[in-house]
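The residues making up each chain are set out below.
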Amino acid sequence: MSKFWNRMINAIEPYTAGEQPKAGQRIIKINTNENPYPPSPKCAEVLRDFDISDLRLYPNTDASGVCDAVARKDNVSPENVFVGNGSDEVLALCWQTFFEKESNTDLKVLIPEISYSFYPVYSSFYDVGTEIIPLKEDLSIDPGDFCGKPNCGIAIANPNAPTSIAMSLYGIRKILESNPDSVVLIDEAYAAFAEGYTTAATLIKEYKNLIVVRTLSKSYGLAGLRLGYAIGDPELIEGLKRARDSFNSYPADRLAQSIGEAAILDTEYYDKTRKAIIRTRTRVINELRKMGFTMPDSSANFIFAKPALPLTAETLYKNLKARGILVRYFNKPKLCEYLRITIGTDPEMDEFLKAVKEEAQNAKNS
Ligand SMILES: *Cc1c(COP(=O)(O)O)cnc(C)c1O
C-alpha cells in the first residue's frame with residue numbers, strides 16, 4: 001500500500017508469474033510452459049543479417065510483415081490480424097475494447113472458474129464485472145453453460161490452462177451462436193499442441209463476434225521476444241487498433257517483427273518441434289499414470305497431474321524444487337491437488353520422471 005498509488009493500484013491483486021531462476025543456475029525449468037526447443041534457425045539468420053541502423057526508425061505500427069505471415073498461415077486476410085507485445089497485451093486490449101465497464105452496465109464478462117489467471121486481473125484493472133462459470137466435475141468446460149446467460153463478453157482459453165483440456169470447435173460454435181451481441185474471445189495459446197483440433201480462426205468469416213488470440217511464446221519458442229496476435233473480423237481488428245493507438249502505437253519493435261515473421265513462415269520447423277513435444281508428452285503421461293498419477297488427456301505443452309497418495313502435490317513440488325526441478329504448484333482450492341508440469345526435452349523429462357519415482361518411494365516409506 002502507498003499513499004502515492006491510486007485507489008485501483010492499491011486494491012488490485014496482480015497476476016503472479018511462475019519463478020524465473022537466475023541465469024547460471026543448473027535447473028530443469030518446467031514451470032512456465034516455455035518451449036524447450038530454440039526458435040527456428042531462420043530467426044538466427046534474421047538476427048545475423050539485421051541492419052542495426054534500422055533501429056533509429058520507429059517500427060511499422062501494424063507489424064504488417066507479421067500480419068501477412070499470419071494471414072498466409074491461417075488462410076485469412078491481413079486485415080483480419082492484429083499484432084501486440086505478447087498475447088498478454090493483446091488480451092488486455094481486448095478487455096479494453098470489447099468488454100464494458102461496470103459503471104456503464106449490469107452485464108458481466110463470463111470466464112471459466114479455472115482458466116488463465118490473468119483474466120480476472122484484467123477485469124479488476126479495467127473495471128469489468130466478471131461472472132465465474134464453474135467447470136464440470138472432470139475439469140472440462142460445458143459450452144452450454146456459456147449459453148443463455150446475458151453478458152458483455154466471454155473469454156475462454158482453448159485448450160484451457162492449467163487443465164490442459166480442449167473444447168471442440170462444435171462447442172465454440174454453440175457459444176458463438178448463442179451470444180451474437182457480445183464478443184467471444186478464444187485464447188489459443190496452446191492450440192498448436194492439440195491433436196486433431198481445428199483452430200477457431202477458421203470460423204471468423206462466419207462469426208463477426210469471434211476474436212482468436214495466439215502467442216509466439218509457447219509454440220514458437222519465443223517467450224523472450226514478446227509477440228502475440230489476434231485474428232477476427234476487420235471491425236474487431238479496427239477496434240483493437242483504436243485502443244492501441246490510445247495507449248502505445250508501437251507495441252512490436254523492429255527486431256521482434258522481423259524475427260516473428262521468419263518464425264511464422266517456417267512452418268516445417270514449427271511442425272517438427274510441436275510434434276516432438278506431443279510425443280514426449282504421451283510418454284510422460286504414460287509413465288506417470290503407471291505410477292498412479294491421475295490427469296486429463298492433455299492438448300497442451302503441459303500436463304495437469306495429481307500424484308497418488310501418500311505423495312501430495314505440495315510435497316512433490318517442494319522436493320522437486322530442492323532437487324533443482326521447477327514445476328508449477330497453485331496454492332488454491334481445487335488446483336492445489338495438482339501440479340502443472342511443462343513438457344521439456346526428452347532428457348529433461350527422464351530426469352524428472354526418475355526424481356518423481358524416488359519421491360513416490362520416499363513418501364511410501366515414511
Ligand atoms: C502464456 C499464455 C499467454 C501469454 O502469452 P504471452 O504472449 O507470452 O503474453 C496467454 N494466454 C494463455 C492461456 C497463456 O497460457
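Since the structure is predicted, the reported quantities are computational estimates derived from the model, not experimental observations.

(A) Quick look at the site of the ligand. Around the ligand, the neighbouring residues are Gly86, Ser87, Asp88, Leu91, Tyr116, Asp187, Ala189, Tyr190, Thr215, Ser217, Lys218 and Arg226. In the model, an oxygen atom of the ligand is placed 2.9 Å from a nitrogen or oxygen of the Asp88 main chain. Within the side chain of Lys218, a nitrogen or oxygen atom sits 3.0 Å from an oxygen atom of the ligand. Its free accessible area being 380 Å², the ligand has 93% of it covered by the protein chains. Per element, the largest residue contribution to the shell around the ligand is four residues, and it comes from helix α4 (residues 86-98). Of the residues contributing to the shell around the ligand, the split by class is four nonpolar, four polar and four charged.

(B) Spatial organisation of the sheet that holds strand β12 (residues 339-342). The strand order across the open sheet built from three strands is β9-β12-β11, with neighbouring strands paired in antiparallel fashion. Two strands lie at the open edges of the sheet, namely β9 (302-305) and β11 (328-329), each paired on one side alone. Inspection of the sheet shows β9 paired to β12 by four bridges, in the antiparallel sense. If you follow Ala305 over to β12, its bridge partner there is Leu339.

(C) Region of the structure containing the sheet that holds strand β6 (residues 184-187). Overall, mixed pairing links the seven strands, which are arranged β2-β8-β7-β6-β5-β3-β4 in an open sheet. Here the strands that pair on one side only, and so sit at the sheet edges, are β2 (81-84) and β4 (130-133). Within this sheet the neighbouring strands show an average axis-to-axis angle of 20°, counted without direction. Direction of pairing for strand β3 (residues 109-112) relative to strand β5 (residues 153-157): parallel, over a ladder of two bridges. Considered in β5, the bridge of Val109 is made with Gly153. Helix α3 (residues 64-74) rests against β2, β7 (210-215) and β8 (228-232) of the sheet, and its axis sits at about 130° to β2.

(D) Structural detail: the nonpolar core. Core analysis: the largest hydrophobic core is formed by 93 residues, its most contacted members being Val83, Ile172, Leu210, Leu288, Ile341 and Phe352. Here this core gets seven residues from one element, more than from any other, and that element is helix α11 (residues 346-365). The residues that make up this core include at least three from each of domain 1 (7-38 + 268-365) and domain 2 (49-266). The contacts of Ile341, once residues within four sequence positions are left out, are Ile30, Asn301, Phe302, Ile303, Ala305, Val327, Met349 and Phe352. Core analysis: the second largest hydrophobic core is formed by 31 residues, Ile12, Leu93, Phe98 and Phe118 among them.

(E) Just the domain arrangement of the protein chain, in detail. Partitioning the protein chain into domains gives domain 1 (7-38 + 268-365) and domain 2 (49-266). On a C-alpha basis, the centres of domain 1 and domain 2 stand 25 Å from each other. Counting residues at the interface gives 32 residues for domain 1 and 30 residues for domain 2. Across the domain 1 to domain 2 interface the summed buried area is about 2600 Å²; carbon plus sulfur atoms make up 64%. When residues of domain 1 are sorted by the area they lose upon contact with domain 2, Tyr15, Tyr270 and Ser299 head the list and together hold 27% of the total. For Lys334, the salt bridge is made with Glu113, and the minimal N-O distance between the two is 3.0 Å. At the boundary of domain 1 and domain 2, one finds 10 residue pairs in polar contact (both at pLDDT 80 or more). When contributions to the side of domain 1 that touches domain 2 are tallied by element, the ones reaching two or more residues are α1 (7-11), α9 (267-290) and β9. Sorting elements by how many residues they give to the side of domain 1 that touches domain 2 places α9 first, with eight residues.

Criteria and cut-off values
Residues numbered from 1 in each chain as written. Predicted model: local features only at pLDDT ≥ 70, side-chain atom pairs only at ≥ 80, totals over all residues. Heavy atoms only, no water. Near = heavy atom within 4 Å. Polar contact = N/O pair within 3.5 Å; in protein donor to acceptor, adjacent residues only side chain to side chain. Areas by Shrake-Rupley, 256 points an atom, 1.4 Å probe, with all protein chains shown as cover. Helix = DSSP H or I, 4+ residues; strand = E, 2+ residues; numbered from the N terminus. Nonpolar A, V, L, I, M, F, W, Y, C, P; charged D, E, K, R; others polar. Pairing = 2+ DSSP bridges. Axes fitted to C-alpha atoms, helices over the stretch in contact; angles between N-to-C directions. Contact = heavy atoms within 4.5 Å. Core = buried A, V, L, I, M, F, W, Y, C linked by side-chain atoms within 4.5 Å. Buried < 20%, exposed > 50% of the residue type's maximum accessible area, 1.4 Å probe, protein only. Domains from an automatic or database assignment. Buried area = accessible area lost by both parts, 1.4 Å probe. Salt bridge = Lys/Arg side-chain N within 4 Å of Asp/Glu carboxyl O.

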